[in-house]
Amino acid sequence: MVNKEANWEPRIVAFLCHWCSYAGADLAGISRFQYPPNVRVIRVPCSGSINPIFILKALQRGADGVLVSGCHPGDCHYLAGNLLARRRFLLLKNLLEYMGIEPGRVQFSWVSAAEGQKFAQVIKEVTETVKELGPSVKLVKGGTARGRA
Amino acid sequence: MAADRKNKVGAALVVGGGIAGMQASLDLAESGFYVYLVEKSPSIGGTMARLDKTFPTNDCAMCILSPKLVECGRHLNIESLTNAEVLDIEGTEGQFKVKIRQNPRYIDLSKCTGCGDCEKACPVRVKNQYEYGLGERKAVFRPFPQAYPNAFSIEKKDRALCTVSCPAGVHAQGYVALIRDGKFKEAVRLVKRNNPLPAICGRVCHHPCEASCKRGLIDDPIAICHLKRFIADYEYERGVCVDPEPKPSRGVKVAVVGSGPAGLTCAYDLALEGFDVTVFEALPVAGGMLTVGIPPYRLPKDVIRAEIGAIERLGVEIRCNTALGRDVSLSDLKAQGYRAVFIAVGAHREQRLGIEGEDAAGVLSGVDFLREMNLQKPVKVGESVLVIGGGNVAIDAARSALRLGAKKVTILYRRSRAEMPANEHEVEEAQREGIEIQFLTAPHRVIAENGVARGLECVRMRLGKPDASGRRRPEPIPGSLFTVAGDTIISAIGQVPDLSFADEAPEITDRGRWLKADPDTLETSVPGVFAGGDAVTGPATVVEAVAAGKRAAESILRYLEGRDLREDRVFDKPHMVVGDVPKERAREARKKWPTLPLSERLSGFAEVELPYTAEQAVAEASRCLDCGVCSECLECEAACRANAVMHDDEPVIREIEVGAVVLCPGFEAFDPSPLTQYGYGKYKNVVTSLEFERILSASGPYEGHVVRPSDHRTPKRIAFVQCIGSRDVKEAESYCSSVCCMYAIKEAVIAKEHVSGDLDITIFFMDMRAYGKDFEKYYNRAREEHGVRFVRAKVYGVEEDRSNQNLRVRFTHEDGHMDTEEFDMVVLSVGMRPKADTVELAKRVGLHLDEHNYVLSSGVAAVATSTPGIFVSGAFAGPKDIPETVMEASAAAAAVGSVLAPERFTRVSAKQYPKERDVRNKRPRIGVFVCHCGINIGGVVRVPEIVEYARTLPYVVYAEENLYTCSQDTQDKIKALIEEHDLNRIVVASCSPRTHEPLFQQTIREAGLNPYLFEMANIRDQCSWVHMHEPAAATRKAKDLVAMAVAKAARLEPLKRHKVPVIQKAMVIGGGPAGMTAALGFADQGYPVYLVEREDSLGGNLKKLAKSLEGTDYKKLLSELVDRVSNNELVTVYTGAEIEAIDGFVGNFKTTLSVRGEKVSFEHGAVVVATGGKEYEPTEYLYGTDDRVMTQTQLEQRLAKGALPGRRVVMIQCVGSREPERPYCSRVCCGQAVKNALDILAADPSAEVTVLYRDMRTYGLKEDYYRAAREAGVTFIRYDDQAKPVVQALDGRLTVRVHDAVSGCDAEMDADCVVLGAAIVPHDDSKAVAQLLKVPVNDDRFFLEAHVKLRPVDFATDGVFVAGLAHAPKTVSESISQAMAAVGRAVTVISKESIEAGGIVASVIENRCTGCGACEQLCVFSAIRVNPDKKVAEVESAVCKGCGSCAANCRCGAIVLRGFTEEQILAEVAALPW
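Conventions used here
Residues numbered from 1 in each chain as written. Chains lettered and ligands numbered in written order. Predicted model: local features only at pLDDT ≥ 70, side-chain atom pairs only at ≥ 80, totals over all residues. Heavy atoms only, no water. Helix = DSSP H or I, 4+ residues; strand = E, 2+ residues; numbered from the N terminus. Buried < 20%, exposed > 50% of the residue type's maximum accessible area, 1.4 Å probe, protein only. Contact = heavy atoms within 4.5 Å. Areas by Shrake-Rupley, 256 points an atom, 1.4 Å probe, with all protein chains shown as cover. Phe/Tyr/Trp six-rings, centres within 6.5 Å; stacked < 30°, edge-to-face > 60°. Lys NZ or Arg CZ within 6 Å of the ring centre and 35° of its normal. 1 Å grid on protein atoms, 1.4 Å probe; cavity = no way out; pocket = protein on both sides within 12 Å on 5 of 7 lines; lining within 4 Å. Points joined across faces, edges and corners; volume = space filled by probe spheres on them. Salt bridge = Lys/Arg side-chain N within 4 Å of Asp/Glu carboxyl O. Pairing = 2+ DSSP bridges. Axes fitted to C-alpha atoms, helices over the stretch in contact; angles between N-to-C directions. Buried area = accessible area lost by both parts, 1.4 Å probe. Polar contact = N/O pair within 3.5 Å; in protein donor to acceptor, adjacent residues only side chain to side chain. Parallel < 35°, antiparallel > 145°, perpendicular 65-115°, else oblique. Left-handed = near helix turned anticlockwise from the far one by under 90°. Nonpolar A, V, L, I, M, F, W, Y, C, P; charged D, E, K, R; others polar. Patch = residues over 30% accessible without salt bridge, like charges linked within 9 Å, V, L, I, M, F, W, Y side chains within 5 Å. Core = buried A, V, L, I, M, F, W, Y, C linked by side-chain atoms within 4.5 Å.

Undergrad: Tell me about the overall build of chain A, and please be specific about residues and values.
TA: Looking only at helices and strands, one finds 4 helices and 4 strands in chain A. The buried share of chain A, reckoned over its 149 residues, is 62%. Of the contacts formed within chain A by residues at least 6 apart in sequence, a portion of 82% connects residues at least 24 apart. Total accessible area on chain A stands at roughly 5700 Å², and carbon and sulfur atoms take up 55% of it.

Undergrad: Account for the overall build of chain B, naming residues and giving values.
TA: The helix and strand inventory of chain B stands at 42 helices and 69 strands. Taken along its principal axes, the extent of the C-alpha atoms in chain B is 140 × 85 × 70 Å. Relative to its full complement of 1474 residues, chain B shows a buried share of 62%. As displayed, chain B has an accessible area near 56500 Å², and 49% of this comes from carbon and sulfur atoms.

Undergrad: Can you tell me about the packing of aromatic side chains, naming the residues and giving the values?
TA: Centre distance and the angle of the planes are the two values used to describe a pair of aromatic rings. Residues and elements named next belong to chain B. Within this structure, the stated rule accounts for 31 aromatic pairs over all chains. Pairing tyrosine 1090 with tyrosine 1134 gives two aromatic rings, centres 6.5 Å apart and planes at 15°, and the pair type is stacked. Here tyrosine 1090 is found in strand E48 (residues 1089–1092), whereas its partner tyrosine 1134 is found in strand E49 (residues 1131–1134), with 44 residues between them in sequence. A ring pair is formed by tyrosine 1090 and phenylalanine 1162, whose centres lie 3.8 Å apart and whose planes are at 20°; its orientation type is stacked. Within this pair, whereas tyrosine 1090 is found in strand E48, its partner phenylalanine 1162 is found in strand E52 (residues 1158–1164), the two being separated by 72 residues in sequence. Looking at tyrosine 1090, the relative accessible area reads 12%, which means it is buried. Among the aromatic residues, those joined into a cluster by ring pairs are Phe55, Tyr771, Phe775 and Tyr1259. Directly above the aromatic system of tyrosine 1176 lies the positively charged group of arginine 1222, at a separation of 4.2 Å from the ring centroid.

Undergrad: Hey, could you go over empty space enclosed by the protein for me, with residue numbers and the actual values?
TA: A complete count under the given rule lists 17 cavities of 30 Å³ or more for this structure. When its volume is computed, the largest cavity comes out at roughly 150 Å³. Together, 15 residues line the largest cavity, and Tyr22 and Val41 of chain A together with Met1016, Ala1017 and Glu1468 of chain B are the ones closest to its centre. Listing elements by their share of the lining of the largest cavity, those giving two or more residues are strand E2 (39–44) of chain A together with strand E45 (1014–1017) and helix H32 (1031–1050) of chain B. It is H32 of chain B that contributes the most residues to the lining of the largest cavity, 4 residues altogether.

Undergrad: Could you give me a rundown of the pattern of salt bridges, with the residues and numbers involved?
TA: All names here are of chain B. Within the structure shown, the criterion is met by 122 salt bridges over all chains. The closest approach of N and O atoms between aspartate 117 and lysine 120, which form a salt bridge, is 3.5 Å. Remark: lysine 120 and aspartate 117 occur in helix H4 (residues 117–121); sequence separation between them is 3 residues, near one turn of the helix. The partner of glutamate 1263 in a salt bridge is arginine 769, and the shortest N-O contact between them spans 2.8 Å. One end of the pair, glutamate 1263, is in helix H37 (residues 1263–1272); the other, arginine 769, is in the loop between strand E35 (760–765) and helix H25 (775–784), and 494 residues separate them in sequence. By sharing partners, the salt bridges in this structure join Arg298, Asp396, Arg399, Arg403, Glu426, Glu429, Arg432, Glu433 and Arg601 into a single network.

Undergrad: Break down the pairing of strand E60 (residues 1293–1299) of chain B for me, with residues and values.
TA: The side chains of a regular strand alternate, residue by residue, between the two faces of the sheet. Residue and element names in this part refer to chain B. Both strand E59 (residues 1286–1290) and E60 contribute to a ladder of 5 bridges, which runs antiparallel. Note that in E60 the partner of leucine 1290 across the bridge is arginine 1293. Pairing of E60 with strand E61 (residues 1306–1310) involves 5 bridges; the strand directions are antiparallel. Counted as the bridge partner of threonine 1295 is aspartate 1310 from E61. From the end of E60 to the start of E61, which pair antiparallel, there are 6 residues, and glycine 1304 there has a positive phi angle of about 80°.

Undergrad: Talk me through the sheet that holds E52 of chain B; I want residue IDs and the actual numbers.
TA: All names here are of chain B. Strands sit in the order E50-E51-E52 across an open sheet of 3 strands; the sheet is antiparallel. Each edge of the open sheet is held by one strand with a lone partner, namely strand E50 (1137–1145) and E52. Direction aside, the axes of adjacent strands within the sheet are offset by 15° on average. As defined by bridge partners, E50 adjoins strand E51 (residues 1148–1155) across 8 bridges and the pair is classed as antiparallel. Looking at E51, one finds that glycine 1144 is bridged to phenylalanine 1149.

Undergrad: Could you give an account of the interface of chain A and chain B, naming the residues involved and the relevant values?
TA: In this assembly, 53 residues from chain A lie in contact with 57 residues from chain B. For the pairing of chain A and chain B, the buried interface totals around 4800 Å² over both sides, and the portion due to carbon and sulfur atoms is 62%. Inspection of the region where chain A meets chain B yields 3 salt bridges. The closest approach of N and O atoms between arginine 43 of chain A and glutamate 997 of chain B, which form a salt bridge, is 3.3 Å. In this assembly, chain A and chain B are joined by 15 residue pairs in polar contact (both at pLDDT 80 or more).

Undergrad: Please provide a residue-by-residue account of the packing of helix H7 (residues 184–194) of chain B against helix H10 (residues 224–238) of chain B, values included.
TA: Residues and elements named next belong to chain B. Direction vectors running N to C along H7 and H10 enclose 115°, while the axes themselves pass 9 Å from each other. It follows from the interaxial angle that H7 and H10 lie roughly perpendicular. Between H7 and H10 the crossing geometry is left-handed. Together, Phe184, Lys185, Ala187, Val188, Val191 and Lys192 of H7 and Lys228, Phe230, Ile231, Ala232, Tyr234, Glu235 and Tyr236 of H10 make up the contact between the two elements. Grouping the constituent residues of the contact of H7 with H10 by class yields 9 nonpolar, no polar and 4 charged.

Undergrad: A description of the environment of glutamate 637 of chain B should follow, citing residues and the corresponding values.
TA: Residues and elements named next belong to chain B. Topologically, glutamate 637 is positioned in helix H22 (residues 635–639). On the basis of relative accessibility, which here comes to 30%, the residue glutamate 637 falls in the partly exposed class. Note: C-alpha distance between glutamate 637 and isoleucine 107 (530 residues apart in sequence) is 9.6 Å. In contact with glutamate 637, not counting residues within four places along its chain, are Arg193, Val645 and His647. Here the side chain of glutamate 637 touches arginine 193 through a polar contact of 3.5 Å, side chain to side chain.

Undergrad: Could you give an account of H37 of chain B, with specific residues and numbers?
TA: Residues and elements named next belong to chain B. When H37 is considered as a whole, its buried residues turn out to be Glu1263, Asp1264, Tyr1266, Arg1267 and Ala1269. Buried residues along H37 sit in contact with helix H36 (1229–1243), strand E57 (1248–1253) and strand E58 (1275–1278). Once H37 finishes, glycine 1273 follows within two positions and takes phi at roughly 110°, a positive value.

Undergrad: Report on the sheet that holds E49 of chain B, specifying residues and quantitative values.
TA: Residue and element names in this part refer to chain B. On the basis of which strands lie adjacent, the open sheet formed by 5 strands has the order E49-E48-E47-E53-E64 and parallel pairing. Edge positions in the open sheet fall to E49 and strand E64 (1360–1362), since each of these has one partner strand only. Neighbour-to-neighbour, the strand axes of this sheet turn through a mean angle of 20°, independent of strand direction. Summarising the sheet, E48 and E49 pair through 4 bridges and their orientation is parallel. What sits directly across from leucine 1091, in E49, is valine 1133.

Undergrad: Lay out the packing of helix H33 (residues 1073–1084) of chain B against helix H39 (residues 1372–1390) of chain B in plain terms, naming residues and giving numbers.
TA: The description of two helices packed together rests on the angle between their axes and the distance between the axes. Residue and element names in this part refer to chain B. Where H33 meets H39, the closest approach of the two axes is 8 Å, and the angle between their N-to-C directions is 35°. As for how H33 packs across H39, the hand of that crossing is right-handed. Contacts between H33 and H39 involve Pro1073, Ala1074, Thr1077, Ala1078, Gly1081 and Phe1082 on the former and, on the latter, Val1372, Ser1375, Ile1376, Ala1379, Met1380, Val1383, Ala1386, Val1387 and Ile1390.

Undergrad: Pulling in residues and values, what's your account of the environment of alanine 1243 of chain B?
TA: Its place among the elements puts alanine 1243 of chain B in helix H36. Along the backbone, alanine 1243 of chain B and leucine 375 of chain B are 868 residues apart, and their C-alpha atoms lie at a distance of 106 Å.

Undergrad: An account of a nonpolar patch on the surface is needed here, citing residue identities and associated values.
TA: Taken together, Leu95, Tyr98 and Met99 of chain A make up a surface patch of nonpolar side chains, about 350 Å² in accessible area. With respect to the element layout, methionine 99 of chain A can be found in helix H3 (residues 81–99).

Undergrad: How would you sum up the nonpolar core? Please name residues and give values.
TA: Ranked by internal contacts, the top residues of the largest apolar core, which has 218 residues, are Phe15 and Ile55 of chain A together with Val928, Ile1019, Val1042 and Phe1082 of chain B. For this core, the leading source of residues is helix H27 (residues 882–900) of chain B, giving 12 residues. Among residues more than four places away in sequence, those in contact with isoleucine 55 of chain A are Phe15, Ile50, Val66, Val68, Phe89, Leu92 and Val106 of chain A.

Undergrad: Report on the pairing of strand E22 (residues 452–466) of chain B, specifying residues and quantitative values.
TA: Residues and elements named next belong to chain B. Here strand E21 (residues 441–449) pairs with E22 via 8 bridges, running antiparallel. Bridge assignment links glutamate 449 to a residue of E22, and that residue is valine 452. Here E21 folds back onto E22 in antiparallel fashion, the turn holding 2 residues, of which asparagine 450 has a positive phi close to 55°. As paired elements, E22 and strand E24 (residues 482–485) share 4 bridges and run antiparallel to each other.

What follows is the structure in structure tokens.
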């Protein structure tokens, strides 16, 4: 089932909260920490504002993986939005697993504004995990039939 | 009064840009005062910016700090003056004059974009102070990535001595630094800025730079000269050195007479300036003495030709065989259109010996001999050559003679070796080659036969008194004549110029002997004619000639431009400030360069000195000490595309006027190096707690890996040693530094988290002072959950095991037995001290300081100083943690507000914007601006391709690329383009919206666009910088990010921020000291306030207390407060009042009271909760059953009445505190016990007072009282919470039994009274008030602030603030400070007539809402509620923070978060070309 072509590169969407993880991504940039170029970042005010539909749509539009990253527990600029996100995310994960989406495709992490290195590491790991899983076909219309060049 | 008003200034000075300074500035600016924030370092942020996590919540310090940095930095009414110091403050409250020195940053803040290109180019690495010296940084640096201003700065200690001592001003440290970095081409280019002859000078310069090099104080000076020769050769050989670009021709002719180093340099400089320069040379070849004076074994001809060739390539014409006076005259030159002349004819005529026989054949002049030889004319020498003289000409002649076939060469010099003017190295080489030097020998007569020289008759000399040159004058020894045989005699005793040309203008000579010119400007008495070099000064060195050429060029430039020849020109060397030689540098001798073997030398004129290899050169350059820090290599200038580097920046003194001053300079950490027993500075693995903080930090030197500095190995055992520099009367400070216990626990816990499981941590301590809110729980968790080991012991020594760099910690347990344990690392928990420079400032200003140099408070609150109008906050008023510091900052802002209230809004400005254009229902017209960011983006991402791509995206009508989109000129351009192309959405693809979105939003607002019609694509931080080696992938990703931004932009809508009026009144709940202080605080600032008290009288706990530990009379304080509150017409007091309801939101509250059965309601804009707390009523220790058992407060009341409870007093601490049902420390009881004990002993010195305690928590300056109590004879016995004391009353005898945890013995004592240090508990109704206000309380029912660290008096609900015991146990003084802080914060709300609401907030689509209320439960800010009538949710936009949790959670999709709507985000997803 898994189509592992040598040149295939996974496509990943990352939803990052403005205050911590997006700042962590900035710090990775300033510090020139290199990581794979597979991730497209969407900035949101708080991980708590991420609607499960965003993640589903991303998968449906052809993302092979989705990363959601927010502040560490206790760091949330909006007090507890990250915890809400976490709770909601776990529910969504159950649903996704039920639908047959591999657990590694959609990941959650905490990255603070001081963790540039960690951000790069998270992106590396997510990219590797998703690469390992191969192209996502589940949610794409006619997905199983669709080949990837 | 009116006069007063007029004179006050509605601005404040805040000194210190740490967290206190930032908070004070923000509170003041938000309350209507203009703020000057003066910070000494290049960035605001202070110590907090260097912390990893903060206790007790383990928040990331930078995460919570950096939004404040941006807010403070960008505030319209806060002027941040970084790199600045306050020199003096004069005047009185309301009107101070402040003198500020703005130190040079060397970077233009208005131009620096913070891109970091300069940092990359900089070759100088120094210890990184931000990392406490653990890592390195460049000389051009930004302290930390989130710094504000987001700009670089250069650290410069004047100039290095090598640079200063170079006559030509060559940046010696600069090229050495560049060589170290392997940047050889850049190094030559740098030398050539000041000296066009690097290869020549690299061989023959007398290098004063090396004589002054500070490395010489350690071992040998850097081989600066030879390094220069290396780079010049290296580059010439490879032909890669690019000639500098001359300015366009001015069509102005200048003549230079003489093509020696002076003439060539002058020609070079003037050619670069665009002049047409002709050099006239009398000899058939160019180069002057370089060519005809110096033999080729020292300076090969091709080297000279190469450097002259480079000058000719600039357009300089050299006419040989054209002598001034012979072939051309000064008047000819004028007639030929030369507008200025520089005469540098040198000194080519040998002085005569003035002895008998000197005209004999075989007697040669040194310069003539060398010239003939160098011009390759046939020169013959005899077998035995005598050379007279001790200068370089003599040595050159002697060594040349040897190479021309002489068998024996002897130099005769009349003084000794020490006085010899020739280069020492040359003398040594001459001797190695077999030349004999006879010192103290002078020629007396040439012995000639038939007119042919056969030898010299010489006389022996001795040295007499020093002459005018400072050298001892040689005197002949009578009767010492002797003869030396020789068939060739070369005289080289000095040269004079040939001035025969000057017959037409004798006035330019000094009696026909030398040319005469102004020593500074080199002008002669003939206008337009300048002179310099050997012809003026007498024979000198090459580099001095180069210097003269430069000086002449500058004068000629000024002369021809009609400018003053002297203005702004420095002729004397600048003053030097260079620090000591670093002790830690290991000795390392200079690298030897190769020389030609002796056997190969004398057969010809092959060059003797050979260059370094590249490796040798880099190694030699690496020995440089970087004395000046910045080396002025000017690479940053070349790298900066924004032209922001200004190496000639100067300090500026500025005077400002302010009405009040807040000092918050922070502290300096105790330096443990003098306490040698701990091995700090000696053992690498002994670090301070602040260094360890950086080791823990993810952005620190080890990227958050806990490793030890010696070998970067992960430690297995770490010891923390507490109280380093604190509680140490003998060697450091006597007081407790308040914060070390907690930060040590925090660092221990975080370290264990980082190393996960395999790390043992031991904290050696005396008392664990976890006295703050929720600190005790943190301590318990560290012990019980994280397994941190706490050992009560005094550490007295740390020693290193040299074999593995482990550390043996020797310590004494509590009971006195000694012990040793081994650790991998030791962390010293260092204390706080006031900063030396601010202490000086405080003294200068006349503030009263205590014996530790902390500012003495003049009032109950800590913020008032002895000088009215000057306030203090933070660690300069005593050691304290971040929340208290922040609290005091807001309190200081309130204090300033009281002083300057009438001047509110007089100095501040509000930005005015044009009317917004209506874009509704208009098709999006998007403009896309793609930034190169110098080369930061453009160097990786193919920017033009992005622009082309952007043009193909839907709705994009305009796209362009910019060098820097954020530069001021691009901002103007964007505004013009919005107009020109009718753009209604703007996308910038550059860097981070976190730093730059506000700037661009402001720009488009200035062009009439709603600021929310803006979107950014971060193609730098997310593309070019993180995919540097994958340009194709980075470009592809950048395209995607731009497509996403454009897709979102097309769906952006203008967001309105509307004004909500504010009721400029406040309510304070609680009439204790905090409540009364708060009420007065509002009234003092001119705002009406309602003070609500449930009891029938004001005063709260203050009624029960007599005085503070420090001696403040609480009775007096109470009556003063009650009086002032009762008599202030702005304060409306309701006693006996119950609150029935509080409705509304920030700015618009409505409260209903029931006052003795009557209903009262009023409106207000802010609320301060000061409902207080009370003393716990003990059930332990016979309290309530035996009258002799009382609480500390009851004792205090008795003592105040003068009634001693007896002679034998036993105090038991921690009654009701630090217990499972109340797991917190009550903070005040230890101080109260010490206070009462001291009082008892003062009244009856024979009394016996015993204090049974668990930890004595006399934090901060209270420690001094604890010591006083011990010294006064109070007995302190520590008990363990597992073995509590037992109080018994038997037969009227009251006894206390205690197990002494220190000695392990049981003790029983009789007591006349037992005093219980009872806990502080919140008031019973705190929960009810919390529910009325919808604000939270913690597990202990104390009110829970919005953020423990940075918002200590705010609630998450805007407009509601907390102070006093309602928040947590604290002293009266701390309650009062906090009350002032609450006022300071609340005034930021009620000083405004209206507040802005809206923007990025949630909004409800009513017809989708079912009124389920899920959102209402979710919103921690209570911003959304279901309207019970309409059954739909409603958002109070003034309260909504825009987090979007409600929108994501709404099961009907009825809530949208403006600016981040589902449609917008899904459009971003859909824009991905997948």
